[in-house]
Amino acid sequence: MNCFHLDDFLAGWIGGASSVIVGHPLDTVKTRLQAGKGYKNTLHCVLQIYRKETIAGFFKGLSFPLASITVYNSVVFGFFNNTQRVISKYRHGDERQSCGMLDMTLASMLTGLMSVGLGAPVDLVKIRLQMQTLPCLAENLNLAGTTGNVNGNIAVRSVTLQGQPTYRGPIHCISSILRTEGIRGLYRGAAAMVLRDVPGYTLYFIPYALFRRWLSPEGRSSPHPCTVWVSGGLAGSISWVTATPADVVKSRLQADALHARKYRGIVHCVVQSYQTEGIHVFFRGASVNAIRGFPMSATMFLGYELSLQFFRAL
């Protein structure tokens, strides 16, 4: 029997597109809080973005995630569910056998590891596009090494002399990174992403399965949409909050400018961030992650489950 099911990938694509549109504004706020400086709190960051960049500032870099993260989520959900079937086939001789918690944990961890190969370049380009705003870079960021620079010219390489953004769009961003940093440049922060996504996906799929089981009445063949929505939202909030420290390090490494590089790697980023901003810096954006994680993941799982039901009813 073939363990590979294409409908999981299609349903993941639909769920991914829905979640990107819902979550991108708060994702922009999260990135600014984690990789920038000068924001007092989440509300202050939201107001600053709106005042300086209008509502469009919250949707910077949306086109690239909408095109790429939908594919990314398609691969993630397709890989996770097909991996569960392979494990069930190997361990029980039947791919239809439901996975236990141990098997689901293994599938989640493998999914997190696999996701970095596709997700690291996507995240890097998204963050570079989100961070390139002249007022924000000039006033709020400390991504370039400004020690000893009394003028604080932190936007030296982040914008052109004419004050125009460095990147004209996602394709230009990718080509610029490849030209200046090589293929390794697209995977800057990938190690930190592994530290985020391997446990992160475990704390994403496992809580979802548990909440869905607890909230579903006995004897119901498929979960109610409200059950899916609540379970997915809670799982997303749990996953994102616990992943915040690794996400902070990843965001800082990926937003770091090539010609004014501040961080040499994960350990150096952790040490420098701790020494200059204290332990609380690793939880910067945690509240945004909790708030953003709920609607994004609720939409993701609801879109996935409803699409899957539709495809399997055809």
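Residues numbered from 1 in each chain as written. Predicted model: local features only at pLDDT ≥ 70, side-chain atom pairs only at ≥ 80, totals over all residues. Heavy atoms only, no water.

Okay, empty space enclosed by the protein next. Applying the stated criterion across every chain yields a total of three cavities of 30 Å³ or more. Reported here for the largest cavity is a volume of approximately 500 Å³. Taken together, 27 residues make up the lining of the largest cavity; nearest its centre are Tyr72, Tyr201, Trp240, Arg292 and Met296. (1 Å grid on protein atoms, 1.4 Å probe; cavity = no way out; pocket = protein on both sides within 12 Å on 5 of 7 lines; lining within 4 Å. Points joined across faces, edges and corners; volume = space filled by probe spheres on them.)

By the secondary structure assignment, Thr166 is in the loop between helix H5 (134-140) and helix H6 (170-181). Exposure remark for Thr166: the relative accessible area of 26% places this residue in the partly exposed category. For Thr166 and Gln132, which are 34 residues apart along the polypeptide, the C-alpha to C-alpha distance reads 7.3 Å. (Helix = DSSP H or I, 4+ residues; strand = E, 2+ residues; numbered from the N terminus. Buried < 20%, exposed > 50% of the residue type's maximum accessible area, 1.4 Å probe, protein only.)

Bringing the confidence of the model for the protein into the picture now. In the predicted model, the protein carries a mean pLDDT of 84, and the fraction of residues at 70 or more is 87%. Mean pLDDT across the elements of the protein bottoms out in H5 (41) and peaks in helix H8 (residues 190-215) (95). (pLDDT = per-residue confidence, 0-100.)

Within the structure shown, the criterion is met by 19 salt bridges. With its nearest N and O atoms 3.7 Å apart, the salt bridge here joins Lys30 to Asp27. With a gap of three residues between them, Lys30 and Asp27 both fall in helix H1 (residues 6-35), about one helical turn apart. A salt bridge links Lys250 to Asp123; the shortest N-O distance between them is 2.9 Å. (Salt bridge = Lys/Arg side-chain N within 4 Å of Asp/Glu carboxyl O.)

What follows is about the packing of helix H4 (residues 101-131) against helix H9 (residues 225-255). Two elements in contact, H4 and H9, have axes whose closest approach is 9 Å; the angle formed by their N-to-C orientations is 70 degrees. With respect to H9, the axis of H4 lies roughly perpendicular. The element H4 and its partner H9 pack so that their crossing is right-handed. Across from Ala120, Asp123, Leu124, Ile127, Arg128 and Met131 in H4, the residues of H9 making contact are Lys250, Ser251, Gln254 and Ala255. (Axes fitted to C-alpha atoms, helices over the stretch in contact; angles between N-to-C directions. Parallel < 35°, antiparallel > 145°, perpendicular 65-115°, else oblique. Left-handed = near helix turned anticlockwise from the far one by under 90°. Contact = heavy atoms within 4.5 Å.)

Relative to the 16 Å expected for twelve residues at 1.5 Å per residue, helix H10 (residues 266-277) spans 16 Å between its end C-alpha atoms, a close match to the ideal helical length. Listed in full, the buried residues belonging to H10 are His268, Cys269, Ser273 and Glu277. Looking straight down H10, one finds its buried side chains confined to an arc of 125 degrees; they lie on one side. Seen from the open side of H10, the exposed residues pointing more than 90 degrees away from its buried face are Val267 and Gln275. The inward-facing, buried residues of H10 contact H9. (Expected span 1.5 Å × (residues − 1). Arc of directions from axis to C-beta.)

Okay, the environment of Leu118 next. Relative to the assigned elements, Leu118 resides in helix H4. For the pair Leu118 and Ser68, spaced 50 residues apart in the sequence, the C-alpha separation amounts to 9.2 Å. Those residues within four positions of Leu118 in sequence are excluded, and the remaining contacts are Val71, Tyr72 and Val75.

Attention shifts here to H6. In a regular helix each residue adds 1.5 Å, so twelve residues correspond to 16 Å; H6 covers 16 Å between its end C-alpha atoms and thus fits that length. Every buried residue of H6 is accounted for by Pro170, His172, Cys173, Ser176, Ile177 and Glu181. The arc enclosing the buried residues of H6, seen along the axis, measures out at 155 degrees, which places them on a common side. For H6, exposure combined with an orientation more than 90 degrees from the buried face picks out Ile171 and Arg179. In this fold, the buried residues of H6 make contact with helix H3 (63-92), H4 and helix H7 (183-186). Of the residues one or two after H6, Gly182 is the one with positive phi, at around 80 degrees.

Position of Glu53 relative to the elements: it lies in helix H2 (residues 42-53). Under the relative-accessibility criterion, Glu53 is labelled buried at 13%. Reaching out from Glu53, the side chain makes a polar contact with the side chain of Arg32 at a distance of 2.9 Å. (Polar contact = N/O pair within 3.5 Å; in protein donor to acceptor, adjacent residues only side chain to side chain.)

What follows concerns the environment of Met114. In this structure, Met114 sits in helix H4. Residues within four places of Met114 in sequence aside, it is in contact with Val75, Val76 and Phe79.

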